[in-house]
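Observations on chain architecture
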Amino acid sequence: QVQLVEAGGGGVQAGGSLRLSCAASGRTCNGYAMGWVRQAPGKEREFIAGVNWTGGITLYADSVKGRFTISRDNSKNAVYLQMNSLTPEDTALYYCAARPSARATMDANEYAYWGQGTQVTVSS
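Just so we're clear, the structure is a prediction, and the values are computed from it rather than from any experiment.

Turning our eyes to something else, we now look at the pattern of salt bridges. With the rule as written, the count across this model stands at five salt bridges. R38 is the salt-bridge partner of D90, the closest N and O atoms lying 2.8 Å from each other. Note that D90 is positioned in the loop between β8 (78-83) and β9 (92-99) and R38 in strand β4 (residues 33-39), a separation of 52 residues in sequence. Residue class for D90 comes out buried when judged on its relative accessible area of 1%. With a relative accessible area of 7%, R38 lands in the buried category.

Structure below.
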């Protein structure tokens, strides 16, 4: 079993930045792709970023491309999401997720392990 714990959420003004982190414990995520998914109130879940096991391939939703950067440090069993140029539309609960495969996809249904989420609130 993999446990994922997110951190780094909070409140920020539009145009600001936040860096989310996700720590994996229990069974390690060796060989797993990782991703970030968000869900805003009243909206569907949105997969926004994924990274393959080696960190060499990243995927982004159009809504965050050029503003968000996903990265990972396998020596620390950690994944990060650097979020820049935040807008109120980025306000959501952000989840870290792990896919038991080396290859990342943008389909949240393919990710078997999820954290509890960290709230990001962007004010105008």
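Past the structure itself, the notes keep going.
Of the two faces of strand β7 (residues 68-73), the one lined by F68, I70 and R72 is fully buried and the one lined by T69, S71 and D73 carries no buried residue. Strand direction decides the pairing type here: β7 and β8, joined by six bridges, are antiparallel. Residue R72 lies in a different strand from β8, and its bridge partner there is V79. Connecting the antiparallel pair β7 and β8 is a turn made up of four residues, with N77 showing a positive phi of about 50°.

So, on to the state of the cysteines. Across all of its chains, the model carries one disulfide by this definition. Across the disulfide, C22 is cross-linked to C96 (sulfur-sulfur distance 2.1 Å). A torsion of -75° about the S-S bond marks the disulfide between C22 and C96 as left-handed. Taken together, the residues C22 in strand β3 (residues 18-26) and C96 in strand β9 connect sequence positions 74 residues apart. Among the residues examined, C96 registers a relative accessible area of 0% and is labelled buried.

Cut-offs used in this document
- Residues numbered from 1 in each chain as written.
- Predicted model: local features only at pLDDT ≥ 70, side-chain atom pairs only at ≥ 80, totals over all residues.
- Heavy atoms only, no water.
- Salt bridge = Lys/Arg side-chain N within 4 Å of Asp/Glu carboxyl O.
- Helix = DSSP H or I, 4+ residues; strand = E, 2+ residues; numbered from the N terminus.
- Buried < 20%, exposed > 50% of the residue type's maximum accessible area, 1.4 Å probe, protein only.
- Pairing = 2+ DSSP bridges.
- Disulfide = S-S within 2.5 Å.

So, to be careful, I would describe these as geometric facts and stop short of saying anything about function.
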